[in-house]
Amino acid sequence: MVAVDGLLVDFCKGIGAGVIVKGLRGGADYDYERPMALMNRSLTGIETVFITGDNALSHVASSLVRDVARHGGSIGRYVPDGVVDAVRAALAAERG
């Protein structure tokens, strides 16, 4: 996992990537992501490919995952390996 400051397309160009792959849960995600994909293509020529997500996880959103973690719930089945600790650290930093 790599944290990116700045535009994703600039990072992609820097590592030689020609495609961005994004998962979509539903129509609202497409409506949000399409203009971004078109802007990214316009800026750099980098294409975006959309993959339909697992319907069994269509209810999962980052805000919900953060809320579950904030209240001590288990989020390991909703995020990639290594993210659980990062989320917990970020929430600890928020609390001061």
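Residues numbered from 1 in each chain as written. Predicted model: local features only at pLDDT ≥ 70, side-chain atom pairs only at ≥ 80, totals over all residues. Heavy atoms only, no water.

Further remarks concern a nonpolar patch on the surface. There is a patch of nonpolar side chains on the surface, built from V19, V21, V49 and I51 and spanning about 330 Å² of accessible area. Those elements giving two or more residues to the nonpolar patch turn out to be β1 (19-24) and β2 (47-52). Its place among the elements puts I51 in strand β2. Looking at I51, the relative accessible area reads 46%, which means it is partly exposed. (Patch = residues over 30% accessible without salt bridge, like charges linked within 9 Å, V, L, I, M, F, W, Y side chains within 5 Å. Areas by Shrake-Rupley, 256 points an atom, 1.4 Å probe, with all protein chains shown as cover. Salt bridge = Lys/Arg side-chain N within 4 Å of Asp/Glu carboxyl O. Helix = DSSP H or I, 4+ residues; strand = E, 2+ residues; numbered from the N terminus. Buried < 20%, exposed > 50% of the residue type's maximum accessible area, 1.4 Å probe, protein only.)

This part covers the pairing of β2. As judged from the six bridges shared by β1 and β2, these two strands associate in the parallel manner. Within β2, the position partnered with I20 by the bridge is T48. After leaving β1, the chain enters helix α2 (residues 27-44) and then returns to the sheet as β2, a path that is right-handed. (Pairing = 2+ DSSP bridges. Right-handed = clockwise from strand over helix to strand, strands pointing away.)

Of the pockets and cavities examined, the largest pocket occupies roughly 460 Å³. Of all the secondary-structure elements, those providing two or more residues to the lining of the largest pocket are β1, α2, α3 (62-70) and α4 (83-95). For the lining of the largest pocket, the per-class residue count stands at 11 nonpolar, four polar and six charged. By volume, the second largest pocket amounts to about 230 Å³. For the second largest pocket, the full set of lining residues is V2, V4, L8 and F11. Residues belonging to the lining of the second largest pocket are distributed by class as follows: four nonpolar, no polar and no charged. (1 Å grid on protein atoms, 1.4 Å probe; cavity = no way out; pocket = protein on both sides within 12 Å on 5 of 7 lines; lining within 4 Å. Points joined across faces, edges and corners; volume = space filled by probe spheres on them. Nonpolar A, V, L, I, M, F, W, Y, C, P; charged D, E, K, R; others polar.)

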